Amino acid sequence: KKLENKIAELKEKCKDKQKKKEERMDELEKVKHTISDFDGLADKLITWIENQVNGLKNQDPPATSIEDLKDQLKYHNDFTDKVQDDGADLFKDLMKPAQALKSDLLQNDKYVTDKIADLQKAYDNLQRATGERQEELEKAMLDAQNVKDTMDYILPWLVEAEEDLLKEEKPGAELETVLVQLEKQKADQQQLQSHANLIDSLRAQGDTLKDEADKEQLQEILARWDHCKELQDERKELLSTAHDRLQELEELAADLNSFITASEGRVRDSNAQPLVTVDAVEGELDKLKALRDEIEKKSSDLELLNNRGDDYKLLTDPVQAELIDAKLNDINARWNNLLEHLNSSEFWANDATDRLTDLDRQQKLRQAYIEAQNNCDTDSGNVRFLVKASL
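Reading guide: rules and limits
Residues numbered from 1 in each chain as written. Predicted model: local features only at pLDDT ≥ 70, side-chain atom pairs only at ≥ 80, totals over all residues. Heavy atoms only, no water. Core = buried A, V, L, I, M, F, W, Y, C linked by side-chain atoms within 4.5 Å. Buried < 20%, exposed > 50% of the residue type's maximum accessible area, 1.4 Å probe, protein only. Helix = DSSP H or I, 4+ residues; strand = E, 2+ residues; numbered from the N terminus. Contact = heavy atoms within 4.5 Å. Expected span 1.5 Å × (residues − 1). Salt bridge = Lys/Arg side-chain N within 4 Å of Asp/Glu carboxyl O. pLDDT = per-residue confidence, 0-100.

1. A short note on the nonpolar core
(1) Moving on: With 27 residues, the main nonpolar core has M151, I154, L158, L198, I199, L202 and I221 as its most contacted residues.
(2) Moving on: Looking at this core, the elements that each hand over two or more residues are α2 (66–105), α3 (110–143), α4 (147–166), α6 (196–204) and α7 (212–272).
(3) Moving on: Looking at this core element by element, the count peaks at nine residues for α4.
(4) Moving on: Look past the residues within four positions of M151 in its chain and what remains in contact with it is P156, L202, L209, D214, Q217, L218 and I221.
(5) Moving on: Among the nonpolar cores identified, the runner-up in size contains 25 residues, and V178, I295, L328 and I331 belong to it.

Rendered as structure tokens:
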């Protein structure tokens, strides 16, 4: 029977080992596919950046005619908008597998971090080249000494930029979304800054304007410029704050999920132990008590997570706030489930202690009775021997 039990135990261990091996293989396969997706999207992004750089190099030099220069500026503005929109979409696609690799799959995320840094550097260089082309064209317009045409060109652009800034989406509920929003904000700010020389030149030429309508137009341009800069600064501060808070939120969530998973394993291990003696039960109770103490200490992190989540919901819109709620609800549900399992394990361990203590007491009484009975039998035999000898 002992041999059969040992064989059964070994078979169970083999099954468990095989299951863990299969789970590890599935995990590695998932990492492989995710890295493949990440590399493919990274290659797509760098190819796109190279194509845009070549497109910039192939643009004609600034025209000498004002009308042709206006057409070049319009074409370049459209080109810049497309670079920003397409770049944001490509970075957004890239950040999904990148975040999965950094958060869950890779123990060392240096490969992902370095590759993203290289791509961001290449994209920043593209943005810089786009801004330099913008400055080149605007300088040509300023050199033409046509202030009115310059104001007619820049005012509609400022109006559109101001409207876009006022309509910007609030920070997202996912870290990769906020990172993409930060990239877009940085690109928008670079594009705005590329017009700084033109604005400074118009500001300097303000005293030369004679027509009141031109003066009013210039004042509107300067006011909108200042407002755009204020909006950009506010946007940058908002997204930076959102990024820092969301990163803290996700780190807290990951730490709590890891703690809950490990604690669930400890409760399962405790439940699997054969409780056949009082000492064994008390040993498991000590382990459960130690776990409860750790949970009590960790509860402050859960409270902090919920508070940080509530704070972050104020930064975002109702739809994104629901995503934050879903994350918080999932962790709180896991936490409550862990406490229920711990309470149940402690209850049954205490019940086992009472039952085993009662069994020990009954066993001792039974042993005492047997010993007393044996003593009585011995005493009775001695009496009979003495009586017989006397007779």
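Having seen it, we continue.
2. Quick notes on helix α1 (residues 2–57)
(1) Moving on: Helix length check: α1 (56 residues) gives 82 Å between terminal C-alpha atoms against 82 Å at 1.5 Å per residue, within 8%.
(2) Moving on: Within α1 the residues assigned to the buried category are V31, T34, F38, A42, L45, W48, I49, Q52 and L56.

3. Side note on the pattern of salt bridges
Two side chains of opposite charge can pair, provided their charged atoms sit close to one another.
(1) Moving on: All told, the structure shown has 34 salt bridges when counted by the stated rule.
(2) Moving on: The closest approach of N and O atoms between R235 and E168, which form a salt bridge, is 3.7 Å. Of this pair, R235 sits in helix α7 while E168 sits in the loop between α4 and α5 (175–193); the two residues are 67 residues apart in sequence, bridging distant segments of the chain.
(3) Moving on: Measuring nitrogen to oxygen at the nearest pair gives 2.9 Å for the salt bridge that ties R266 to E294. With R266 in helix α7 and E294 in helix α8 (residues 278–313), this residue pair connects regions lying 28 residues apart in the sequence.
(4) Moving on: In this structure R266 comes out as partly exposed when scored by relative accessible area, which is 36%.
(5) Moving on: Salt bridges linked by common partners bring E168, K184, D188 and R235 together as one network.

4. Some points on the environment of Q373
(1) Moving on: Examined against the element boundaries, Q373 turns out to sit in helix α9 (residues 318–390).
(2) Moving on: According to the relative accessible area criterion, Q373 is partly exposed, its value standing at 37%.
(3) Moving on: Separated by 231 residues in the primary sequence, Q373 and L142 have C-alpha atoms spaced 120 Å apart.

5. Digging into the confidence of the model for the protein chain
(1) Moving on: Across the protein chain, the average pLDDT comes to 86, with 93% of residues at or above 70.
(2) Moving on: By mean pLDDT, α9 is the weakest element of the protein chain at 80, and α7 is the strongest at 91.

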